[in-house]
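Each chain, written out:
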Amino acid sequence: MMFDDKEECIRLANRILQNYNRMLKGADTIKLLQVSENITYLAEHTENTDESPNSDPDSRSRRVIVRLCRPAYHSEEELLSEIRWMLELQKQYREYDEDRQVCGRDKQSEVRFSLRQPLAGDDGQYLYQVEDRKGQVYYGMLFTYLTGMPLENLTLSEQTVWFERLGEVTALFHTQTKGWKEASELPRFHWNYETMIGRQAVWGDWREVFVPAQPIKSGQGIPDVLNRADRLIYQKLQEYGVNRGKYGLIHGDLRGANLLIEEDRLKIIDFDDCGFGWYMQDLAASLSFVETKEAVPELIKAWIAGYRKQGTLTREDLDMISTFIMMRRLQLLAWVHSRTNAASAITYREKFAEGTVELAEKYLDLHG
């Protein structure tokens, strides 16, 4: 079924909600939010009270996010690891959600941010299993609902100030993972050359965009500039290397659709693609779908300024930014052409391949 049968997906989402009766006492409404790697819903329950009719209805309602996970994308152990990291982040940076809005580690920090959190069901568990009518197994979970506007709704020039804040929060994430001994033991994807843009990449082979349904051997039909960019990416990654200071647990998808803004607060959602990768990949992911825009250098500059408030970047790290952006773009090229129903894929698919060729030309010129 996957996510084509909307009525069946709603039924499965309601099955998941049955594990949260004490919290919700049943959901009055359930509304589709997005179809991507997973399908997410907004579920809401409104209390029946005798309060004044002039009282704020939001104060008497409970909203939660229901995620129905794509089958075979993540295992049960991987999903539980995602939840585990989210809980660890909340534990370490919980003071950011209090009125003082300061970090327990660095009282000079003024960044304000919130994290979407997983919710435990009536039995204390965070992950539940349901089956569709054909016996296909789906995992599901609930998260806190966060208000705010997606960052991607702003113009790129308006996003600059937020990219500085994002850089700072990203550095805090990296600091936490570097100091968390259990991080390296989590069963999560490794986002490296092979899994991102190799022949067996998790999101598909970008080469098939140009020669669909054909075995790719000689590379015939693929723009040569992309083949050369691919080879250069591989070479640069080999030279950069993998060590604890460069590579570890990352969010992996801090793009505008997963960042909400409200007043002066940044809110971060969707840890579904968290895994192991180079830390600088979090910057590249933040530029997803806008890599060719003129404002990108200013966004990068702002992100770096924010990151340096909480973390350290070497000259070697900075020199790799263009490589990680190019690798992410090739990964997204496969994604937008293989996820027919995903909202972002539909939005950006037109001329995405042409833009990728344009970006590759600039990448090769830069590293001439």
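Here is a short report on the structure shown in this document.

1. Quick word on the packing of helix α10 (residues 321-338) against helix α12 (residues 352-366)
- Contact geometry of α10 with α12 gives a least axis separation of 10 Å together with a crossing angle of 160°. Here α10 is positioned roughly antiparallel relative to α12, judged by the angle of their axes. Along this stretch, α10 crosses α12, giving a crossing that reads as left-handed. Contacts between α10 and α12 involve S322, T323, I325, M326, R329, L330, L332, L333 and V336 from the former and F352, A353, G355, T356, L359, A360, Y363 and L366 from the latter.
- When its residues are assigned to classes, the contact of α10 with α12 shows twelve nonpolar, four polar and one charged.

2. A word on the sheet that holds strand β10 (residues 259-262)
- Reading across the sheet, the four strands line up as β4-β11-β10-β8 and stay open at both edges, with mixed pairing between neighbours. Looking at the sheet topology across the chains shown, the edges are occupied by β4 (113-115) and β8 (149-150).
- Helix α4 (residues 156-179) rests against β4, β10 and β11 (265-268) of the sheet, and its axis sits at about 55° to β11.

3. What to know about the packing of aromatic side chains
- Under the definition given, this model contains 18 aromatic pairs.
- The interplanar angle of 80° and the centroid separation of 5.3 Å between the aromatic rings of F189 and W191 together place this pair among those described as edge-to-face. Per residue, the accessibility class of F189 equals that of W191, and both read buried.
- Of the aromatic side chains, those joined through ring pairs into one cluster are Y73, F189, W191, W203, F289, W335, Y348 and F352.
- Over the ring of Y279 we find K178; its NZ or CZ atom is 4.7 Å from the centre of that ring.

Procedures and definitions
- Residues numbered from 1 in each chain as written.
- Predicted model: local features only at pLDDT ≥ 70, side-chain atom pairs only at ≥ 80, totals over all residues.
- Heavy atoms only, no water.
- Axes fitted to C-alpha atoms, helices over the stretch in contact; angles between N-to-C directions.
- Helix = DSSP H or I, 4+ residues; strand = E, 2+ residues; numbered from the N terminus.
- Parallel < 35°, antiparallel > 145°, perpendicular 65-115°, else oblique.
- Left-handed = near helix turned anticlockwise from the far one by under 90°.
- Contact = heavy atoms within 4.5 Å.
- Nonpolar A, V, L, I, M, F, W, Y, C, P; charged D, E, K, R; others polar.
- Pairing = 2+ DSSP bridges.
- Phe/Tyr/Trp six-rings, centres within 6.5 Å; stacked < 30°, edge-to-face > 60°.
- Buried < 20%, exposed > 50% of the residue type's maximum accessible area, 1.4 Å probe, protein only.
- Lys NZ or Arg CZ within 6 Å of the ring centre and 35° of its normal.

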